[in-house]
Amino acid sequence: MAKSEDQAVAEAFEPTRVEEHRAYLMRYAMLRLRDATAAEDAVQETLLAALQTGTRFAGRSSVRTWLTGILKHKIVDYVRRQSREQPLERLDDEVGDAASDVAGAAFAPDGHWHDFPADWGAPDASFESAQFWKVFEACVQVMPARAARVFVMREVLELATEDICKELGITATNCWVLLHRARLSLRECLEIKWFTP
Amino acid sequence: MPRNQVVHTVKLIPSCRETSELISQAQDRALTLREKLALYVHLPLCKGCRNFREQVAFMRRAARAYLDRE
């Protein structure tokens, strides 16, 4: 016989399970928010919201997927508040700022790569390495802040470019410039620190 | 020149910088026919940009795998 919804929710919130979920959600939130306090707040709000609306979880998805869905909303809320507090002109400034222009640093004036991207072989094997993920996290940390913000919204939260533009109040062009910059930065960092050290 | 319209310059072969912008944007929007053509012209000639294309796809997989690992 199928478990009742209440039973499924009760099991999901056993203390040991909650700690498992919390660790996962914290990783998720940290990558996005890059701020431990903000991440803890978002995760806490998520678990509370889940408890309050628990009976609406009808086993349609795994508990983790369901919790991650709630967390995404919390993170988007946080980003929205943050972008209100951090004036958007600063974002536009940064796009036009030659000093922080990663793309400018990656290419010679004639448009050639300064350092041609290397062949990373079969890179997915790195996913099995805990050390790789440390490098990955470190490389996300050193990305230009706003580029990293857009990159994680796009690649981790899997938001569409239009939604990112709407959330941050930037143009699609700026969004693409920031994503390009983020990818160049992350690429270079992974190459130096991991693939061809 | 708006930087998203990288291939509006009248050049037969786009630079690596322009090509890398197209490779990046291909992850986020549909490229125009002209832009796709520019990639077809540049990529066979340039191992660096081919590697960059692989790396961009890898970074997307990595960002997703980051959350799924135990």
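Note that this is a predicted model, so its numbers are computed, not measured. (Residues numbered from 1 in each chain as written. Chains lettered and ligands numbered in written order. Predicted model: local features only at pLDDT ≥ 70, side-chain atom pairs only at ≥ 80, totals over all residues. Heavy atoms only, no water.)

**Some thoughts on the packing of aromatic side chains**
All names here are of chain A. Just so we agree on the cut-off: Only centres within 6.5 Å qualify two rings of Phe, Tyr or Trp (six-membered ring in Trp) as a pair; their planes then separate them into stacked at under 30 degrees, edge-to-face at over 60, and tilted for everything else. Under the DSSP-based scheme used, a helix requires at least four consecutive residues in state H or I and a strand at least two consecutive residues in state E, with every element numbered from the N terminus. Each residue is assigned to one of three classes by its accessible area relative to the maximum for its type, calculated with a 1.4 Å probe on protein chains only: buried under 20%, partly exposed between the two thresholds, exposed over 50%.
Inspection of the entire model under this criterion finds 14 aromatic pairs over all chains. Plain terms: the ring middles of Trp 120 and Phe 195 are 4.2 Å apart, the flat faces sit at 10° to each other, and that makes the pair stacked. With Trp 120 in the loop between helix H6 (102-106) and helix H7 (130-142) and Phe 195 in helix H10 (residues 172-195), the pair connects residues that are 75 residues apart, well separated along the chain. The exposure class of Trp 120 is buried, given its relative accessible area of 8%.

**Section: the confidence of the model for chain A**
Short version of the rule: The predictor attaches a confidence to each residue, and that confidence, scored 0 to 100, is pLDDT.
Looking at chain A as a whole, its pLDDT mean stands at 81, while 78% of the residues score no less than 70. Mean pLDDT values over the elements of chain A span from 50, in helix H5 (residues 88-96) of chain A, up to 94, in H10 of chain A.

**A look at the packing of H7 of chain A against H10 of chain A**
All names here are of chain A. As a reminder of what qualifies: To obtain an axis, a line is fitted to C-alpha atoms, over the contacting stretch when the element is a helix, and the angle between two such axes runs from 0 to 180 degrees between their N-to-C directions. By convention, the crossing between two helices is left-handed when the near helix turns anticlockwise from the far helix through less than a right angle, and right-handed when the turn is clockwise. Note on contacts: a residue pair qualifies if any of its non-hydrogen atoms lie within 4.5 Å across the two residues. Residues are sorted three ways: Asp, Glu, Lys and Arg are charged, Ala, Val, Leu, Ile, Met, Phe, Trp, Tyr, Cys and Pro are nonpolar, and all the rest, Gly among them, are polar.
Two elements in contact, H7 and H10, have axes separated by 9 Å at closest approach and are oriented at 145°. When you trace H7 past H10, the crossing you get is right-handed. Each of Gln 131, Phe 132, Val 135, Phe 136, Cys 139, Val 140 and Val 142 in H7 lies in contact with H10, whose residues at this interface are Ser 185, Leu 186, Cys 189, Leu 190, Lys 193, Trp 194 and Phe 195. Across the contact of H7 with H10, the residue classes tally to 11 nonpolar, 2 polar and 1 charged.

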